[in-house]
Structures are given as structure tokens and as C-alpha cells.
Amino acid sequence: MKTLIKNGFVIDPASGVNSKLNLVIEDGKIAEVIREEREADKVIDAAGKIVVPGFIDIHMHEEGYDEAAGKIKDSINFSMLRMGVTTAIGGNCGDNYMDPIAYLDELDAKGGPINMGLCAGHTYFRNKAGHTDKYTEITEEELSKMIVMMKDALDKGCIGVSFGIRYVPGINEHEMLQCGKLCQPSRKLVSAHVRNDAQYIFDAMQELINIGEKLNVPVQVSHVGSMGGFGQMTQMLEIIDAYKASGYDVTADCYPYYAFSTRIGETTYDDGFLERYNTDYSVVEICEGKYKGQRCTEKIFRELRTEAPETITVCHVMKPEDVDLALIHPNVMLASDGLLNQGQGHPRAGGTFPRFIKNYVKTGKISLYDAINKMTTMQAKKLGLENKGRLSKGADADIVIFDLDKIADNATFDKPVEYPVGIEYVLIAGEVALKDNQVINGSLGKSVRKF
């Protein structure tokens, strides 16, 4: 079937396109990008609308397997679809919620709301190798077991290796180098939630960059707003720029919110966090359970840390000016860091991409062209996905059509998956997945693998 998208304003930074043009789609690919119209089986009139590559979320957190339903949990993936994401990368911060290759195989067998790639999560495989104490160093025997499993995952298509260094304080350089070395043959990505934040961020970021430098592999510093958004952002970006200028592939991602999210039992909230953020317990908001919507007291905090450590929280501590500085910087791409549990969590899982356009493009902080680059092209280049993040001839027909005047996020800390507005069409492989916020086909997504 041939589909024509006509009269739209096409933005494709990968090809330097920023004009009113028509797209012809055949067999899930872009067949032509032209000024004139073509006969087609299906016509989408995008007059007055913006036509761009499907958004790519390089850092989100997939859900696991629903045993009762006999399928992958996909509520967060539907949230991704509704905000224009057609491809997302999970397995971040060292975490996989099930075997990553089993996840990708299941997605290929049954389809899903969006295309998904996964990192091989270091913490997942560390635990699987038998070392479940996050505060202690791994043994050589356990490390050998872990390397075998991670290599298999990478050989079968995992997009790279992710570390949650902050969440596994027992990890050392030797362990990181042995895992990161697995990315060398195909120059796959090494990403990390680094070891520390706030005033301690510089040594923590350097630890990750050193791994990339020693192994000569691409490095991604995850969610920099929540790592150095406390007065350290200017210096962090200077460090990244210096390495980029020296020929090293070091980039970062950030989400457009001034609060981070993690589970209350994580090491982020170990003793000393109040002093590190120069604050009190009230900055911690509970996202689920009996205290949902409440701010912490010391009593609530200690109760949940002991009795419900998996509880998702939001911590309102980041400096807006630091987050804004990161988001408009040329070496920082947009990512949601979305994490949900039964529809509860941080609104970034349902609002990041439209929010960025609303709060940064429409306010004049960044041009629309540069914003689309940060939402599509930068991610595809970093991941080595040659057919994603572009609208040139032969590319995958993953497309978003939106109304610039109307696009906005509606997700809030109270209602984190509230639908955005202004996204009129989302196409995956040339087929309509979403129209006017209604899911038309929720099973077009397939695995994204790198070999």
C-alpha cells in the first residue's frame, strides 16, 4: 500500500530538511520526499502541521512480564506512544526487568505499542550471577559468569551495556572495564547512572568517561539534570565539551522537569542525602501506596524504607536554571527516564516530549529544528540506528505529525499518565498507530537490535 502525507512542514535534521514537502511511504519505508503530489492508496493531509521523525527515547525503564496476562507489561509503552515516541531504549541504570533477549523475542512475536531496544543491564546480570549484595565487590568467579551472560545478550542484539553505578556501590573499575569491553567489537554504547551527584558529580562522571576513554567506546551520561542540577551544570557541560573536542564520543541526556524519581529503598536515599541536597524530608513526594501524594516526614520515610522499599518517589530538589542549561546544550539530547508502576510514577513518563516543545520551543529557548534534532537525530546517531530518526528515502517510516500551536503535556505529579494534546498522528513502519490520541494499532512495535 502507498501512503501520501501531503502539505506538512517537514523537519528532518539528519538530512538538513526544514521545508514544506510531501512524503510517500511504501512497504514501511520512506519511498520519496517530494514537492509534488503522488497518487496513493491513503492520503493524510498535514496542512498547517509539523511532520517529523518518530521521537526516540534513549533512556526509559521498561516493565517486566505479566504472568497472569501472559504478556509483557506495556502501560509505559502506551504512554510513550501517546507522546510521539516510536522507538525507546530500556534496560537503563543497570536494570532489566526480565531477560532482555526474552523481552525482545516476545515483542517480535506479539508486537507492542512502540519499537524497543534494550541495554544489557549490569545490575540485572550481576544479580543473576549470584552476587546480590550491592555494597560489596564481585568475585572473579561471579564476574566470569556475568560476562558470559552479558556477552550472549549483546551478541543477540542488546544495544549496549548500562550501569547503575549509584545503585551498586560495590562495583569497581575492573568490573566496569570487563563489562564495557563487550561493547568494543561493534562500538556499542556504554551508559550509566554515575556513582554520585551534586557536589560529588565531577569524580563520578569522570569515572564513567575514563571507561569510555580506555575502551574507545561511546559513552552516555544519563539524566544529567538529576546528577548535576544543583549548581554544577556549567562545569559538567564543559567537561563533556572538552572530551567531544578531543574526539571522544561523550554525550548526555536530560528530561524537562525539576524533580527526579527513584524508589525509596535505593541508595540515593542512603544516610547523608539530606545534607547532600541541603534540604529536609519534605522534598520527597510519595507516588504510590497509602501515602500517595503526600510529602515525606522522617516517620513516613523510615517506615517506607523498611516496609515498602520499592515505593516510587519524586524528589523536588533540582535547580531550574541548571536543567534548562542542559536541555539547550548541543551535546545533550532529550530523554524521559520514564519509570511507572501500575500507572504511577513521575509525569516524565507521559509528558517529556510534548513538554519540551511547549516549554522550550514555544517560549523561544530553542528553535523547533534544534529541538527535533534533540528528540530524534541525536539518539539515532548515538545508537547507530541508520534507518531511524530521519525521513530521507529508504528510512523507516516512523513519523509524528503534530500541531505546534496545540501541542502540550498534561501529565502531572498527581496524574502522571494524563494524555498530552496536539499530536495528531503517530506512524510506525508506515502504519497509523495513533490518531488524535486514540490508539489505532497497539501492536506495530518490534525489537530494535544492534549486532
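In what follows, the structure referred to is the one given above.
Residues numbered from 1 in each chain as written. Predicted model: local features only at pLDDT ≥ 70, side-chain atom pairs only at ≥ 80, totals over all residues. Heavy atoms only, no water.

Our next topic: the side chain of Asp12. Looking at the secondary structure, you find Asp12 in strand 1 (residues 2-12). Buried charge without a salt bridge: Asp12, with Arg390 as the nearest opposite-charge side chain at an N-O distance of 5.7 Å. Engagement of the side chain of Asp12 in a polar contact is seen with the side chain of Ser15, the distance being 2.8 Å. Within the structure, the side chain of Asp12 is placed 3.0 Å from the backbone nitrogen of Leu391, a separation counted as a polar contact. Other than its neighbours up to four places away in sequence, Asp12 contacts Val17, Pro53, Tyr369, Gly389, Arg390, Leu391 and Ser392. (Helix = DSSP H or I, 4+ residues; strand = E, 2+ residues; numbered from the N terminus. Buried < 20%, exposed > 50% of the residue type's maximum accessible area, 1.4 Å probe, protein only. Lys, Arg positive; Asp, Glu negative; His and termini not counted. Salt bridge = Lys/Arg side-chain N within 4 Å of Asp/Glu carboxyl O. Polar contact = N/O pair within 3.5 Å; in protein donor to acceptor, adjacent residues only side chain to side chain. Contact = heavy atoms within 4.5 Å.)

It is worth spelling out helix 5 (residues 173-180) at this point. Those residues of helix 5 that fall on the buried side of the exposure criterion are Glu175, Met176, Leu177, Cys179 and Gly180. Where the residues of helix 5 are buried, they touch helix 3 (122-128), helix 4 (140-155), strand 12 (160-164), strand 13 (189-193) and helix 6 (201-215).

Moving on to the layout of surface pockets. Estimates place the volume of the largest pocket at around 530 Å³. Lining the largest pocket are 33 residues, and of these Cys93, Asp95, Tyr167, Thr262 and Glu266 lie nearest its centre. Counting only elements with at least two residues in the lining of the largest pocket, the list comes to helix 3, helix 7 (225-228) and strand 16 (260-263). Of the residues belonging to the lining of the largest pocket, the class tally is 10 nonpolar, 12 polar and 11 charged. Around the second largest pocket, the lining residues are Lys244, Asp249, Thr251, Pro330, Asn331, Met333, Asn373, Thr377, Met378, Lys381 and Lys382. Per-element tally for the lining of the second largest pocket: the top contributor is helix 13 (residues 368-383), with 5 residues. Residue composition of the lining of the second largest pocket, by class: 3 nonpolar, 4 polar and 4 charged. (1 Å grid on protein atoms, 1.4 Å probe; cavity = no way out; pocket = protein on both sides within 12 Å on 5 of 7 lines; lining within 4 Å. Points joined across faces, edges and corners; volume = space filled by probe spheres on them. Nonpolar A, V, L, I, M, F, W, Y, C, P; charged D, E, K, R; others polar.)

On inspection of all chains with the given rule, the structure shows 30 salt bridges. A salt bridge links Asp324 to Lys365, with the shortest nitrogen-to-oxygen separation between them at 3.4 Å. Of the two residues, Asp324 is situated in helix 11 (residues 320-327) and Lys365 in the loop between helix 12 (348-361) and helix 13; the sequence distance between them amounts to 41 residues. The class of Asp324 is buried, set by a relative accessible area of 17%. The class for Lys365 is partly exposed, based on a relative accessible area of 41%. Linked through salt bridges whose partners overlap, the residues forming this network are Lys29, Lys388, Asp396 and Asp398.

If you walk across this open sheet you meet the 3 strands as 16-18-17, and the pairing is antiparallel. Two strands in the sheet have a free side with no partner beyond their single neighbour: strand 16 and strand 17 (284-286). Strand-to-strand twist of the sheet, defined as the mean angle between neighbouring strand axes without regard to direction, takes the value 30°. With 4 bridges joining them, strand 16 and strand 18 (residues 312-315) adopt antiparallel strand pairing. (Pairing = 2+ DSSP bridges. Axes fitted to C-alpha atoms, helices over the stretch in contact; angles between N-to-C directions.)

All right, on to the state of the cysteines then. Considering all chains together, one arrives at 0 disulfides under this definition. Cys119 provides the cysteine sulfur closest to Cys93, a residue in no disulfide bond, and the two sulfurs are 9.7 Å apart. Taking the relative accessible area as the measure of exposure, Cys93 reaches 4% and is therefore buried. (Disulfide = S-S within 2.5 Å.)

What follows deals with the packing of aromatic side chains. Across all of its chains, the model carries 11 aromatic pairs by this definition. Centre to centre, the rings of Tyr269 and Phe301 are 5.8 Å apart; their planes meet at 85°, and the pair counts as edge-to-face. Residue Tyr269 is found in the loop between strand 16 and helix 9 (273-277), and its partner Phe301 is found in helix 10 (residues 298-307); the two are separated by 32 residues along the sequence. Accessibility expressed as a relative area gives 1% for Tyr269, which makes it buried. Among the aromatic residues, those joined into a ring-pair cluster are Tyr269, Phe273, Tyr281 and Phe301. Sitting over the ring of Tyr419, Arg82 keeps its end group 3.8 Å from the ring centre. The ring of Tyr277 has Arg276 sitting right over it, with the charged end atom 4.6 Å from the ring centre. (Phe/Tyr/Trp six-rings, centres within 6.5 Å; stacked < 30°, edge-to-face > 60°. Lys NZ or Arg CZ within 6 Å of the ring centre and 35° of its normal.)

On the secondary structure map, Lys2 appears in strand 1. In sequence terms Lys2 and Ile357 are 355 residues apart; their C-alpha atoms lie 31 Å from each other. When residues no more than four places from it in sequence are discounted, the contact partners of Lys2 are Val24, Ile25, Glu26, Glu39, Ala40, Asp41 and Lys42.

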